[in-house]
Amino acid sequence: MTSVANPSATMTATPTKPSQPSRRSGPRASDALPPETLVKWLRDMFLIREFENRTAQAYQQAKIGGFCHLYTGQEATAVGTIAALHHDDPIVTAYRDHGHALARGMDAGACMAEMFGKATGCAKGKGGSMHMFDKPNWLFGGHGIVGAQTPLGTGLAFAAKYEVEVMNRSVNGGPAKKKVALAYLGDGALNQGALHEAMNLAGLYGIPVIYVVENNGYSMGTAIDRGTTMAHDLRKKAEAYGMRGEIIDGLDVIDLYDAFKPLVDWCRENQKPAFVDLKTYRYLGHSMSDPQKYRTKDEVDQYKAKDSIDRLAAHLMEDRKGPDGKPILTEQQFIEIQAEVKAIVKNAVDFAESSPIPEERELYTDVFVNPQPNLSPSCEYTHGAKNPLL
Ligand SMILES: Cc1ncc(C[n+]2csc(CCOP(=O)(O)OP(=O)(O)O)c2C)c(N)n1
Ligand SMILES: [Mg+2]
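Described below are features of the structure shown in this document. Since the structure is predicted, the reported quantities are computational estimates derived from the model, not experimental observations.

### A word on the site of ligand 1
Logical step 1: Neighbouring ligand 1 are 13 residues; V146, G186, D187, G188 and S219 lie closest to it.
Logical step 2: Its residues assigned to classes, the shell around ligand 1 comprises 5 nonpolar, 6 polar and 2 charged.

### Some thoughts on the sheet that holds strand β4 (residues 209-215)
Through backbone hydrogen bonds, the strands of a sheet pair up, either in parallel or in antiparallel fashion.
Logical step 1: Across the sheet, which stays open at both edges, the 6 strands sit in the order β2-β1-β3-β4-β8-β7 with parallel pairing between neighbours. Lying at the two open borders of the sheet, with one neighbouring strand each, are β2 (139-142) and β7 (244-249). Going from strand to strand, the sheet's axes swing by 15 degrees on average, the running direction of each strand aside.
Logical step 2: As paired strands, strand β1 (residues 91-93) and strand β3 (residues 181-186) are joined by 2 bridges and run parallel to one another.

### Examining helix α1 (residues 35-60)
Logical step 1: Given a rise of 1.5 Å per residue, 26 residues ought to cover 38 Å, and the 38 Å separating the end C-alpha atoms of α1 matches this to within 8%.
Logical step 2: One or two residues past the end of α1 sits A62, with phi positive at roughly 65 degrees.

### Thoughts on the packing of helix α4 (residues 108-115) against helix α12 (residues 331-354)
Logical step 1: At their nearest, the axes of α4 and α12 sit 8 Å apart, and the two run at 45 degrees to each other. Taken together, the axes of α4 and α12 lie oblique to each other. In terms of crossing hand, the pair formed by α4 and α12 is right-handed. Of α12, the residues touching α4 (which contributes A108, G109, M112 and A113) are I344, V345, N347, A348, V349, F351 and A352.
Logical step 2: Here the contact of α4 with α12 is built from residues that sort into 9 nonpolar, 2 polar and no charged.

### Focus: the environment of L201
Logical step 1: Mapped onto the secondary structure, L201 falls in helix α6 (residues 193-205).
Logical step 2: Taking the C-alpha atoms as reference, L201 lies 9.8 Å from F158; in sequence the two are 43 residues apart.
Logical step 3: In contact with L201, other than residues within four places in its own chain, are T154 and I207.

### Overview of unusual backbone geometry
Logical step 1: The backbone of N168 sits at a positive phi, close to 60 degrees, despite the residue not being glycine.
Logical step 2: Relative to the helices and strands, N168 resides in the loop between α5 (149-167) and β3.
Logical step 3: Since 9 C-beta atoms lie within 10 Å of it, N168 is described here as exposed.
Logical step 4: In this model, M220 sits at a positive phi of 50 degrees, which is unusual for a non-glycine residue.
Logical step 5: Take M220: it is sitting in the loop between β5 (218-219) and β6 (222-223).
Logical step 6: A tally of 12 C-beta atoms within 10 Å means that M220 is categorised as exposed.

Rules of the game
- Residues numbered from 1 in each chain as written.
- Chains lettered and ligands numbered in written order.
- Predicted model: local features only at pLDDT ≥ 70, side-chain atom pairs only at ≥ 80, totals over all residues.
- Near = placed C-beta within 6 Å.
- Nonpolar A, V, L, I, M, F, W, Y, C, P; charged D, E, K, R; others polar.
- Pairing = 2+ DSSP bridges.
- Helix = DSSP H or I, 4+ residues; strand = E, 2+ residues; numbered from the N terminus.
- Axes fitted to C-alpha atoms, helices over the stretch in contact; angles between N-to-C directions.
- Expected span 1.5 Å × (residues − 1).
- Parallel < 35°, antiparallel > 145°, perpendicular 65-115°, else oblique.
- Left-handed = near helix turned anticlockwise from the far one by under 90°.
- Contact = placed C-beta atoms within 7 Å.
- Buried ≥ 20, exposed ≤ 12 C-beta atoms within 10 Å, placed from the backbone.

Laid out in structure tokens, this is it:
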């Protein structure tokens, strides 16, 4: 790959032309897609990468506070899986969530402003990096407790199935639709009790949720095979709960889509759950402070050499031909896409910087707990001594 398609330029890897992936034989779901869709995937993956580069910068300048986990390297997993969904299929994810938000269509400004703690953020600046939320785009959060989002994703799928099979209408009005929910999780969530309880119910009731393990090999500094049984074949976990399990390469977005789309269609049609071990890699540390003693630079470079953005760019500029026999993307067009995306992300940062901080009274809105001290909602227990629970 020439440097023109070098979105990893801000990283240490020397750009190398990736070996062409061995694509599946036979009919592939991606064959039916128009060239514009594939170009949009490239743009979206580049948007996520650029967004994360600028997020890192803003974090280092102390404009972003709290925990912050970057998605650099994993772009193909959010873009490829979300591309296989309908827009109103709900998704829920963990705290490494900027990529899912952007792939779902969240405005980059709202996403950046959320991290800056500004009132214009997607959660009014109250959630920060780990809690991206976008109801119009059917993203039900970013969640910080490892594995806690998996029962929520199961519940979202259960609700959709209930609309179809019991209510025969949608609670939002209109006819009920067969849906699929995605519950993303990291490999570090594989041994959380919540996941196993949720998977058991999904298998038992036939809940159309897909547990997408974004398996980047590490949970903070712990390699997956040091903490998880059957790490070499996670499909066994799915088998135990009577659901389909697949291993999918998450580094090549087209291969990923070709494997994932038929699974989504099957889960939707049959209203059944599934489990996917989606193999990916994060280029940067676990969070913004991580000396990364648990892996070698060589290992990171090996993955960077298979970079998903470089791979898709190479495919579109060299292999994928349009009806005129020419590649569907020129180098010049890719340069223009990169310039357009960089401007979008720069504007997002400017928007975040210039947005107001939330007003003080916002402390008392959007909270479940009655913010008045010593006052129960029923006014019954005003002091601890009267409270039978104490
Ligand atoms: C229940 C719980 N235990 C521990 C933590 C601390 N913690 C935060 S992130 C993390 C690692 C999770 O790794 P993984 O699920 O693989 O996600 P990745 O960071 O690789 O995306 C841990 C243990 C937490 N947030 N929640
Ligand atoms: Mg992990």
